[in-house]
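Architecture and fold: a report
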Amino acid sequence: MKLEGIHHISAITGDARGNVEFYTGVLGLRMVKRTVNQDEPSMYHLFYGDEHGSPGMDLTFFEYPGAARGIAGAGMVHRIVWRVASRESLEFWEERLAAHGVRAELSGGSLLFADPEGLEHEFVCVSVEDTPLRAQAPEIPAEHALQGFEGVRAYSTAPVRSERLLGEAMGFTRRQGEHWEVRGESRGSFYAYDPAPPEINRTQGAGTVHHVAFAAVMDDLDEWRTRVAGAGARPTPVIDRFYFKSVYFLEPSGVLFEIATIGPGFAVDEDAAHLGEGLSLPPALEPLRENLQETLTPLPYPPAWRAAMAESE
């Protein structure tokens with residue numbers, strides 16, 4: 001029984017419109033699901049990824065309108081690391097980001113920058129056997145498109161506390177120092193710790209990561225729950241999120257983990273050609289549709305080119 005790398009990463013935004021414009025318009029991701037926070041349904045939950053909404057490239061945002069910027073500190077993921085194909089891809093992204101007013105630092109095989117709300121990203125060129133996960137966007141050549149998550153970096157004051165859970169219970173492999181790999185039969189990614197800045201008081205808010213989810217086979221979820229509980233974590237019951245099932249728990253360094261199933265997937269209630277174009281609601285929230293459509297912020301999606309592409313398919 002193995003986890004198939006990162007399933008999704010969930011962060012916070014205070015500006016849904018600006019978030020859509022950056023992640024679809026600048027980074028060229030596809031919005032694969034426009035839904036609401038199932039625990040606070042008056043707020044958006046936006047999912048971006050490849051053309052199919054594949055686990056391994058789903059970046060999601062809870063919108064808290066007008067939320068102040070957060071500050072990543074101990075017990076929080078502070079950087080999302082993405083795969084690209086080559087040094088030329090890094091140079092393409094450095095130029096593209098600059099053209100959109102985003103300062104990026106290119107060093108060796110890495111490009112480091114932050115989104116408009118301060119969420120830190122790193123693009124790295126790596127060579128792995130995992131199938132590249134790509135979205136289509138007319139301004140981004142396929143050879144330079146993002147290819148999925150490489151991993152995340154988190155802050156910790158005492159990462160040794162997490163070793164038993166990561167290594168024994170969750171099957172992570174230590175590669176070097178506090179750099180761990182989680183790899184299954186088809187995909188993998190890394191989870192790494194950096195020393196927490198001692199002067200920073202962490203604050204959850206816009207531009208911070210809420211949690212990181214790792215991918216599991218549907219039939220294994222109950223066993224994963226039992227396993228992490230045996231290592232001292234306190235997992236939630238299995239929660240049905242309609243598009244996947246999951247359990248949540250804090251790992252000992254303080255980062256909120258989720259184990260989420262591969263499937264049913266985002267096409268369970270939408271045509272695959274029209275993912276993310278309208279508001280999707282799990283059946284239990286469907287009675288709220290009329291009110292939500294009147295109160296949620298209108299979003300600049302889909303762009304005309306994607307709408308035309310979908311109509312032609």
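Structure: above.
Structure report, in brief. Numbers given to residues run from 1 along each chain, matching the order in which its sequence is written. It should be noted that, the model being predicted, local features are given only for residues of pLDDT at least 70 and side-chain atom pairs only at 80 or more, the latter also being counted only at that level, while totals for whole chains, interfaces and linings use all residues. Side-chain numbers come from the whole structure's heavy atoms, not from hydrogens or water.

**A short note on the overall build of the chain**
Selection criterion: The numbering of helices and of strands both runs from the N terminus, where a helix is a DSSP run of H or I of at least 4 residues and a strand a run of E of at least 2. For a compact globule the rule gives 2.2 Å times the number of residues to the power 0.38, and the radius of gyration it is set against comes from C-alpha atoms. Whether a residue is buried, partly exposed or exposed follows from its accessible area with a 1.4 Å probe, protein chains only, as a fraction of its type maximum: under 20%, in between, or over 50%, in that order. Contacts are assigned to residue pairs that have any heavy atoms within 4.5 Å of one another. Where accessible areas are quoted, they stem from the Shrake-Rupley method and a 1.4 Å probe; at the residue level, only the protein chains shown are allowed to cover.
In terms of regular secondary structure, the chain is built from six helices and 16 strands. In terms of overall dimensions, the chain is globule-like: its C-alpha atoms have a radius of gyration of 19 Å, near the 20 Å expected for 313 residues. Principal-axis analysis of the C-alpha atoms gives the chain an extent of 50 × 50 × 40 Å. The buried share among the 313 residues of the chain stands at 54%. Long-range pairs, those at least 24 residues apart, make up 70% of the contacts in the chain with a sequence separation of at least 6. Carbon and sulfur atoms make up 50% of the accessible area of the chain, which amounts to about 13300 Å² in all.

**Considerations on the sheet that holds strand β15 (residues 244-250)**
The criterion, for reference: Strand pairing follows a simple DSSP-based rule, namely that at least 2 bridges must link the two strands. Each axis is a line fitted through C-alpha atoms, and for a helix only the stretch in contact is used; angles between axes span 0 to 180 degrees, taken between their N-to-C directions.
The sheet built from eight strands is open, its strands ordered β2-β3-β4-β1-β13-β16-β15-β14 with mixed pairing. Sheet topology places β2 (30-37) and β14 (239-240) at the edges, where each strand pairs with a single neighbour. Both strand β1 (residues 6-13) and strand β13 (residues 209-216) contribute to a ladder of five bridges, which runs antiparallel. Bridging across to β13, I6 finds its partner in F214. Along the sheet face, helix α1 (residues 16-26) touches β1, β2, β3 (40-49) and β4 (58-63) and points at about 10 degrees away from the line of β3. Of the strands in this sheet, β13, β15 and β16 (256-264) touch helix α4 (residues 221-230), which is tilted by about 5 degrees from β15.

Everything listed is a geometric property; what it means functionally is a separate question.
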